[in-house]
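# Inside the fold
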2 protein chains.
Amino acid sequence: MAKQKKPQRPKAQTPKGFRDYFGAEVAQRTDMLRTIAGVYHRYGFEALESAAVETVEALGKFLPDVDRPNEGVFAWQEEDENDNGDWLALRYDLTAPLARVFAQHRNDLPTPYRRFAMGPVWRNEKPGPGRFRQFYQCDADTVGSGNVAADAEICAMLADTLEAVGIDRGDYVVRINNRKVLNGVLEVMGLFDDDQRANVLRTIDKFDKVGESGVRELLGKGRLDASGAYIDGVGLSDAQAEPVVAFLTSKSDTTEGTLANLRAAIGDSEVGAKGVDELQTMADLLAAGGYGPDRIVIDPSVVRGLGYYTGPVFEAELTFEIKDEKGRPRSFGSVAGGGRYDDLVKRFTGQEVPATGVSIGVDRLLAALHMKGRLNMDTTGPVVVTVMDRDRMADYQAIVSELRNAGIRAEVYLGNPKSFGNQLKYADQRNSPIAIIQGGDELAAGTLQVKDLILGAKIAETASQEEWSERPQQFEIPRADLVSRIKALLDEQNQ
Amino acid sequence: MAKQKKPQRPKAQTPKGFRDYFGAEVAQRTDMLRTIAGVYHRYGFEALESAAVETVEALGKFLPDVDRPNEGVFAWQEEDENDNGDWLALRYDLTAPLARVFAQHRNDLPTPYRRFAMGPVWRNEKPGPGRFRQFYQCDADTVGSGNVAADAEICAMLADTLEAVGIDRGDYVVRINNRKVLNGVLEVMGLFDDDQRANVLRTIDKFDKVGESGVRELLGKGRLDASGAYIDGVGLSDAQAEPVVAFLTSKSDTTEGTLANLRAAIGDSEVGAKGVDELQTMADLLAAGGYGPDRIVIDPSVVRGLGYYTGPVFEAELTFEIKDEKGRPRSFGSVAGGGRYDDLVKRFTGQEVPATGVSIGVDRLLAALHMKGRLNMDTTGPVVVTVMDRDRMADYQAIVSELRNAGIRAEVYLGNPKSFGNQLKYADQRNSPIAIIQGGDELAAGTLQVKDLILGAKIAETASQEEWSERPQQFEIPRADLVSRIKALLDEQNQ
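Residues numbered from 1 in each chain as written. Chains lettered and ligands numbered in written order. Predicted model: local features only at pLDDT ≥ 70, side-chain atom pairs only at ≥ 80, totals over all residues. Heavy atoms only, no water.

## Section: the confidence of the model for chain A
What counts here: Per-residue confidence from the prediction method is given by pLDDT, with values spanning 0 to 100. Whether two residues touch is decided by their heavy atoms; if any such pair falls within 4.5 Å, the residues are in contact.
Put simply, chain A has an average pLDDT of 90, and 95% of its residues get 70 or more. A low-confidence stretch, residues 62-66 of chain A (pLDDT under 50), is modelled with four contacts involving residues beyond four sequence positions or located in other chains.

The following block contains the structure:
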């Protein structure tokens, strides 16, 4: 018989690309989601929470020629007797489930259907620093309206949302572009070949990185990369490439100027004219709502998503400066994006249903607020009631209950009470503002010792007690005054 | 060449056992979780949010002799070049991830570690009516304290939580039992054989269903089932079975009485005496905190979980009556349960770490509050601004923006405005309280028409306008008074 191996202990590790969130991090995100939900609700959007799991078929990621669904999602096959169960997967965004929900419930839902959704999504991708395989999204979409008033509304809501969570006006801008304008430009160029169009789209997507001259090179013969590699160009003549460059650089100081430049760039293209008209209408609607170009601006250099969307495209950028990993200043960048996509539900029903929506990158927005010092970083721990006599737990419990009933965050020390030093170390680790002590002397006298741990930390920091000499680090109070005195001290500490 | 098949459309369906939550359902759960988090926080517990995905190894569900992890969890294998990737799975509860988190981060976490967690968990089980494969749990646990003060605290917190979410005192009871008392009983019976002990435990678990006489039969020779089947008994003599029955039925009118009965049931068993002492200590601590037997009571008939836990066991039951599916009255039943389990972290580190905790069944608690009419059922939709003239969207947009800026939930109709009837139908489907109308006449006069849809619905319901004759169903207001008049009408409707 083979020797029985000692069972190995499991590793206490999150799977690669996943992480845990503790304490204030959780509270901050919850608060932010609540604030965002409040704005979305005020705009008439209704909450929707679908399950994390969808059929791969409904998600639309199933490749018929492979045994497993393609990479990018976490998927598994349901077990059934014939080994023929459905493939299920974790949702990779909140839009694909919306399409399924709308198709499934369309007879019970109002049209247009304004819905918001918030929650984690999962991507089966290679994780990297700061790149996780589970992260939060916070979406709002309007399904069933082809009117660009729906797009304008979402841009206004995005601006309101950013201000509501603590981004000052002036520290953000919502930029709008329109895919139809680009289609007009391609028409004017005489580009009807799908491959060539795709090549031009890919080049446009690099505008952020390579700039105007880079795009000119890439549309023409090609370009020597920073790494020394030569990137083949699309092979257009300078004249042919010109409308693309004109489109990308048509932003002017005024909305009117930008729109005029765009009209010039699309020549007599009908679809291009429709795109410019849509931008004009959105600008008018937004102006009527009080959203000027200081908050929401037409900017044809927004290219992200142009390949994916079918009409208006928008992106929220935080404009304040941060330092990158090399200490160089740069603007914080994008925290939300969206646009119009008109064949959301068609896969399911055959019916074309116009839709538009936005997705906020919750974790990036939290990081931005963190950098701006705008997060409520209250990591104050509970008041800790220490245990001087383990036979008197009931007395300590009574103290804690009184505090809690008065709304004060409090706890009794539940570890081994033998070492008082360990109890104070624990209070320190919990970031407790106050420790309460009652030994035999205090019990006899009907009093409590109160230790001001915030003051204690300050004195330890400055290594000088002088400037705090008027405030005692520890003092005695009557047991009967517990709640009022602790409340007063907490107030004093918070000033 | 084979004839190309038309691609089949995907089915718009949630996977079996999953469901969507809409509007008020989502808001009600969010509100409840927030209230619970508030109580947990006040008790000194810290939020923890781990990912939905864990390694199967960490979850402890991996069977080495099969290719796939056992049923009960949704699991899949990570792809890697050698087809040897980790098995991952969706968490099936919030306790297994806590064990992994504590083992992984134990050097950075305070001990004792009080943490709460809320979120969905997944079970790969056969779904049934009202039984879903994704549902919410809301847990609080104290890791690293062997003191029953930790258990008492969790019971007090559970009582406070139930009251905070809207269950009246008197409509619930938290029942406490202790596994050690049962162990003492088994000792007194002279039962040391593991199989026989397991049989007795299984019988005890049926106490809820078969009552005292049923348990007597099952401990003895056996019992004729209601279905006519004969269930074999454990084969104990009446005398041997007596301590079990004494244990299960030892509840008295007073805590003292119950404890005395238990002391009698455990005879001179040391572990049994320790269990009774623990119950005594918990009762004393709870009394000191103001939690009398009207809220938290020692009840040896609580058997759920006795097999799983190692010390105190508790269960919260809602005591008010509801009608079951056949219309018979019964009490609502359990909404939360928990207890002490002392080898949580041992699997990972080899170290024994005592822990105790509770899990609230959020969906059941929501259902209870729903039955009691205690949920904020505000399903009021937004004020709907109708579109009389599609060229004046900017005007309607301005009206909506004014309302939203004043904190009023409002939206402009974004569907095809051709049919005014459709717009009112939409407002009705949205449960809108008010529709606002501005045609050419109103524009010229600088006014708006306001339609009171709540009143309209009431009149339609009673089919008589008389009793409402003093309140007009539709009236005109100056455009300049928009916000104040709409606010006033909403207030009136809410009275």
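There is more to say, and it comes next.
## Focus: the interface of chain B and chain A
Rules: A quick way to say it: buried area is the sum, across both parts, of accessible area lost when two parts are put together, with a 1.4 Å probe. Each salt bridge in this description consists of a side-chain nitrogen of Lys or Arg and a carboxyl oxygen of Asp or Glu lying within 4 Å of one another. Distance and chemistry together define a polar contact, namely a pair of N or O atoms within 3.5 Å, with one atom able to donate a hydrogen and the other to accept it when in protein, and with adjacent residues in sequence counting only for side-chain atoms on both sides. Here a helix means four or more residues in a row that DSSP labels H or I, a strand means two or more in a row labelled E, and each is numbered from the N terminus. Side-chain classes are defined by residue name, with Ala, Val, Leu, Ile, Met, Phe, Trp, Tyr, Cys and Pro counting as nonpolar, Asp, Glu, Lys and Arg as charged, and the others, Gly among them, as polar.
Listed per partner, the contact involves 97 residues of chain B and 95 residues of chain A. Summing both partners gives a buried area of about 8300 Å² for chain B against chain A, and 52% of it is carried by carbon and sulfur. On the surface where chain B and chain A come into contact, there are 14 salt bridges. Among the salt bridges present, the one from A:R133 reaches B:E78, with a minimum N-O distance of 2.7 Å. At the boundary of chain B and chain A, one finds 48 residue pairs in polar contact (both at pLDDT 80 or more). Ranked by the residues each element gives to the side of chain B that touches chain A, the list is headed by helix α13 (residues 393-405) of chain B, at seven residues. Partitioned by chemical class, the residues of the side of chain B that touches chain A number 44 nonpolar, 25 polar and 28 charged.

## Structural notes on the UniProt feature "binding site: L-histidine" (unreviewed entry) in chain A
Residue and element names in this part refer to chain A. To be explicit about the condition: UniProt positions are given in the numbering used here, feature names are shortened, and annotations may be inferred rather than shown by experiment. Partly exposed residues are those whose accessible area sits between 20% and 50% of the maximum for their type, while under 20% is buried and over 50% is exposed, using a 1.4 Å probe and protein chains only.
Under the UniProt annotation, "binding site: L-histidine" (unreviewed entry) lies at D93, L94, T95, R123, Q137, D141, R304, Y308 and Y309. Position of R304 among the secondary structure elements: in the loop between β11 (296-298) and β12 (312-323). Looking at R304, the relative accessible area reads 46%, which means it is partly exposed. Beyond its immediate stretch of four places on either side in the chain, R304 contacts D205, V313, E315, S334, A336 and G337. A polar contact is formed between the side chain of R304 and the side chain of E315, at a distance of 2.7 Å. Among the structural elements, Y308 can be located in the loop between β11 and β12.

## Considerations on the pattern of salt bridges
As enumerated under the stated definition, the model contains 68 salt bridges over all chains in all. Among the ionic pairs, B:R223 bridges to B:E217, the shortest N-O distance being 3.0 Å. A residue is classified by how much of its surface remains accessible, and B:E217, at 38% relative accessible area, is partly exposed. With a shortest N-O distance of 2.9 Å, B:E411 and B:R430 are connected by a salt bridge. Residue B:E411 is located in strand β16 (residues 410-412), and its partner B:R430 is located in the loop between α14 (420-429) and β17 (434-437); the two are separated by 19 residues in the primary sequence. According to the relative accessible area criterion, B:E411 is buried, its value standing at 0%. By relative accessible area, which is 5% here, B:R430 ends up buried. One salt-bridge network, held together by shared partners, links A:E46, A:R114, A:E153, B:R404, B:R409, B:E411 and B:R430.

## Points about the pairing of strand β5 (residues 87-90) of chain B
Residues and elements named next belong to chain B. So the rule is basically this: Two strands form a pair only when DSSP identifies at least two bridges running between them.
Side chains of β5 alternate between two faces, with W87 and A89 and L88 and L90 buried alike. Pairing of strand β3 (residues 53-55) with β5 involves three bridges; the strand directions are antiparallel. From the neighbouring strand, V53 faces β5, where its bridge partner is L90. Direction of pairing for strand β4 (residues 75-77) relative to β5: antiparallel, over a ladder of three bridges. In the strand pairing of β5, W76 is matched with L88.

## Regarding the nonpolar core
The line we're drawing: Only buried Ala, Val, Leu, Ile, Met, Phe, Trp, Tyr and Cys residues count toward a nonpolar core, and they belong to the same one when joined by side-chain atoms within 4.5 Å.
If you look at the biggest cluster of nonpolar residues, it comprises 130 residues, and the most contacted ones within it are A:Y40, B:I436 and B:I486. The leading source of residues in this core is helix α4 (residues 148-165) of chain A, at 12 residues. Excluding residues that lie within four positions of it along the chain, A:Y40 makes contacts with A:F45, A:F116, A:C138, A:D139, A:A140, A:M157, A:T161, A:V358 and A:I360. Counting residues in hydrophobic clusters, the runner-up holds 129 residues, among them B:L162, B:L306, B:A336 and B:L365.

## As for the sheet that holds strand β5 (residues 87-90) of chain A
Strand pairing in a sheet takes place through backbone hydrogen bonds and is either antiparallel or parallel in direction. All names here are of chain A. Basically, it comes down to this: Under this scheme, a helix contributes an axis fitted over its contacting stretch, all axes are lines through C-alpha atoms, and angles between N-to-C directions fall in the 0 to 180 degree range.
Read from one edge of the open sheet, three strands run β3-β5-β4, paired in antiparallel fashion. At either end of the open sheet lies a strand with only one pairing partner, and these are β3 (53-55) and β4 (75-77). Strand after strand, the sheet turns through a mean of 30° between neighbouring axes, direction not considered.

## Examining the relation of the copies chain B and chain A
For the record, the criterion: We place the copies in one frame by least squares, fitting the C-alpha atoms of every residue whose pLDDT is at least 70 in both.
Here chain B sits on chain A after a turn of 180° about the axis and a move of 0.0 Å along it, with an RMSD of 0.1 Å. On the angle and the small slide along the axis, the relation comes out as a two-fold axis. No C-alpha of chain B lies nearer the rotation axis than that of B:W76, which sits 2.8 Å from it. Mapped onto chain A, 98% of the interface residues of chain B are again interface residues, and the two copies thus contact each other with one and the same surface.

## Describing the packing of aromatic side chains
The test is simple: A pair of Phe, Tyr and Trp rings is counted when the ring centres sit within 6.5 Å of each other, with Trp represented by its six-membered ring. The angle between the planes then sorts it: under 30 degrees is stacked, over 60 is edge-to-face, the rest tilted. Whether a charge lies above a ring is judged from NZ of Lys or CZ of Arg, which has to be within 6 Å of the ring centre and within 35 degrees of the ring normal.
The full count for this structure, using the stated rule, is 19 aromatic pairs over all chains. Seen from their ring centres, A:F320 and A:F332 are 5.9 Å apart, and the 35° between their planes marks the pair as tilted. In this pair, A:F320 sits in strand β12 while A:F332 sits in strand β13 (residues 329-340), placing the two residues 12 residues apart along the sequence. You can call A:F320 buried: its relative accessible area is 8%. Here the aromatic residues A:F18, A:F74, A:W76, B:F18, B:F74 and B:W76 are joined through ring pairs into a cluster of three or more. Its guanidinium or amino end placed over the ring of A:Y21, A:R19 lies 3.8 Å from that ring's centre, counting from NZ or CZ. The residue whose ring lies beneath B:R347 is B:F348, and the NZ or CZ to ring-centre distance is 4.9 Å.

## Topic: the pairing of strand β6 (residues 113-122) of chain A
Residues and elements named next belong to chain A. Most of β6 sits out of view: nine of its 10 residues are buried. The sheet contact formed by strand β2 (residues 46-49) and β6 spans two bridges and is parallel. From the neighbouring strand, E46 faces β6, where its bridge partner is R115. With 10 bridges joining them, β6 and strand β7 (residues 134-143) adopt antiparallel strand pairing. Bridge assignment links W122 to a residue of β7, and that residue is Q134.

## A word on the environment of A:E187
Residues and elements named next belong to chain A. Here E187 is to be found in helix α5 (residues 179-188). Its relative accessible area of 32% is what places E187 among the partly exposed residues. For the pair formed by E187 and C155, sequence separation is 32 residues and the distance between their alpha carbons is 28 Å. Of note is the side chain of E187, whose polar atom sits 3.4 Å from the side chain of S269.

## Concerning helix α12 (residues 362-371) of chain A
An α-helix turns once per 3.6 residues; consequently, residues spaced three or four apart project the same way. Residues and elements named next belong to chain A. The test is simple: Here, the arc refers to the directions that run from the helix axis to the C-beta atoms.
All buried positions along α12 are accounted for by V362, L365, L366, A368 and L369. The buried residues of α12 occupy an angular sector of 160° when the element is viewed end-on, so they sit on one face. Among the residues trailing α12, G373 stands out with phi positive, at a value near 65°.

## Brief notes about the side chain of A:D151
Residue and element names in this part refer to chain A. Assignment of secondary structure puts D151 in helix α4. Exposure remark for D151: the relative accessible area of 0% places this residue in the buried category. In this structure the side chain of D151 is engaged in a polar contact, spanning 2.9 Å, whose partner is the side chain of R340. Excluding residues within four positions of it along the chain, D151 makes contact with M282, P312, F314, R340 and T356.

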